Amino acid sequence: MPLTSHGVFSEHWAAHHRPTAVSSMRARCEVIDRSTPPPSSLDDPDPGETIVATGVPCRVQQLNAGAGTGAVAGQLLTTRDYLITLPMDTPVTWRAGEGGHRIRVTDPGRDGDPTLTGRRLDVTQVLTGSEIWERDLLCVDDLTQNRGEDGA
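> I tried to follow the pairing of strand S6 (residues 120-126) on my own but got confused; where do I start?
On a regular strand, one side chain projects to one face of the sheet and the next to the other, so that they alternate. Two strands pair when backbone bridges link them, and strand S5 (residues 102-107) and S6 are joined in this way by three bridges, in the antiparallel orientation. The partner of Arg104 across the bridge, within S6, is Arg120. Relative to strand S7 (residues 134-142), S6 is paired through four bridges, and the arrangement is antiparallel. Across the sheet, the residue bridging to Val123 is Cys139, located in S7.

Printed below as a string of structure tokens:
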């Protein structure tokens, strides 16, 4: 029989636990706005990407064991899916998909994988919920476009 005077969760249950979630985010990233349309002609200046938040705590986790592959316009594409978790109070109005936000890992943290540094991950989905402690983003890493000078 349910208790009539108390709920399962207190009114501010999720907000109360958000600092715990943030304390588990040891990496750092920046959030990039890609909503500016590309130049309309080769004579127009490239507006580039706009960094809208820097030094944001995050957790980065690859979701799939293998890579997805395909071809677009004759170019082989290899991608991997990631879950990136950020604080709920990150000051961004999130957009996903084409022209959505991009996350660039700036510091993988003391025990993180150093090959994450500089990785650009495109937000494909912003996960939502009613009692959430953190902002979960599904992202894709285009390995074809993310190759560094060392070829990785």
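What follows picks up the thread again.
> Would you mind going over the pattern of salt bridges with me for this structure?
When the charged atoms of two side chains lie near each other, side chains of opposite charge can form a pair. Scanning all chains against the criterion turns up seven salt bridges. The partner of Glu134 in a salt bridge is Arg59, and the shortest N-O contact between them spans 3.0 Å. Of the two residues, Glu134 is situated in strand S7 and Arg59 in strand S2 (residues 50-62); the sequence distance between them amounts to 75 residues. On the basis of relative accessible area, Arg59 is assigned to the partly exposed category, the value being 29%. Note that Arg119 and Asp141 form a salt bridge whose closest N and O atoms lie 3.3 Å from each other. Here Asp141 lies in strand S7 and Arg119 lies in the loop between S5 and S6, a separation of 22 residues in the sequence.

> Mind showing me how you'd approach the side chain of His101 here?
Within the secondary structure, His101 sits in the loop between strand S4 (75-87) and S5. Judged by its relative accessible area of 2%, His101 is buried. Excluding its chain neighbours within four sequence positions, the residues that come into contact with His101 are Val31, Ile32, Asp33, Arg34, Val52, Val92, Thr93, Trp94, Arg95, Leu121, Asp122 and Val123.

> Sorry if this is basic, but what is going on with the nonpolar core here?
Proteins that are soluble and globular tend to have nonpolar side chains buried together. The biggest cluster of nonpolar side chains holds 18 residues, and the ones touching the most others in it are Val31, Ile84, Leu86, Trp94, Ile103, Leu137 and Cys139. Of all the secondary structure elements, the ones that give two or more residues to this core are strand S1 (27-33), S2, S4, S5, S6 and S7. Other than its neighbours up to four places away in sequence, Ile103 contacts Cys29, Glu30, Val31, Ile84, Leu86, Trp94, Arg119, Arg120, Leu121, Val123, Leu137 and Cys139.

> Just to check I follow, could you spell out the environment of Gly109 for this structure?
Residue placement: Gly109 occurs in the loop between S5 and S6. Put simply, Gly109 and Arg26 are 83 residues apart on the chain and 5.2 Å apart in space, counted from C-alpha to C-alpha. Not counting residues within four places of it along the chain, the set of residues in contact with Gly109 comprises Arg26 and Ala27.

> Would you take a moment to explain the environment of Leu121 for this structure?
Within the fold, Leu121 resides in strand S6. Residue classification places Leu121 among the buried residues on the basis of a relative accessible area of 0%. Along the sequence, Leu121 and Asp142 sit 21 residues apart, while their C-alpha atoms lie 7.4 Å from each other. Apart from the residues within four sequence positions on either side, Leu121 is in contact with Tyr82, Ile84, His101, Arg102, Ile103, Val105, Cys139, Val140 and Asp141.

Criteria and cut-off values
- Residues numbered from 1 in each chain as written.
- Predicted model: local features only at pLDDT ≥ 70, side-chain atom pairs only at ≥ 80, totals over all residues.
- Heavy atoms only, no water.
- Pairing = 2+ DSSP bridges.
- Helix = DSSP H or I, 4+ residues; strand = E, 2+ residues; numbered from the N terminus.
- Salt bridge = Lys/Arg side-chain N within 4 Å of Asp/Glu carboxyl O.
- Buried < 20%, exposed > 50% of the residue type's maximum accessible area, 1.4 Å probe, protein only.
- Contact = heavy atoms within 4.5 Å.
- Core = buried A, V, L, I, M, F, W, Y, C linked by side-chain atoms within 4.5 Å.

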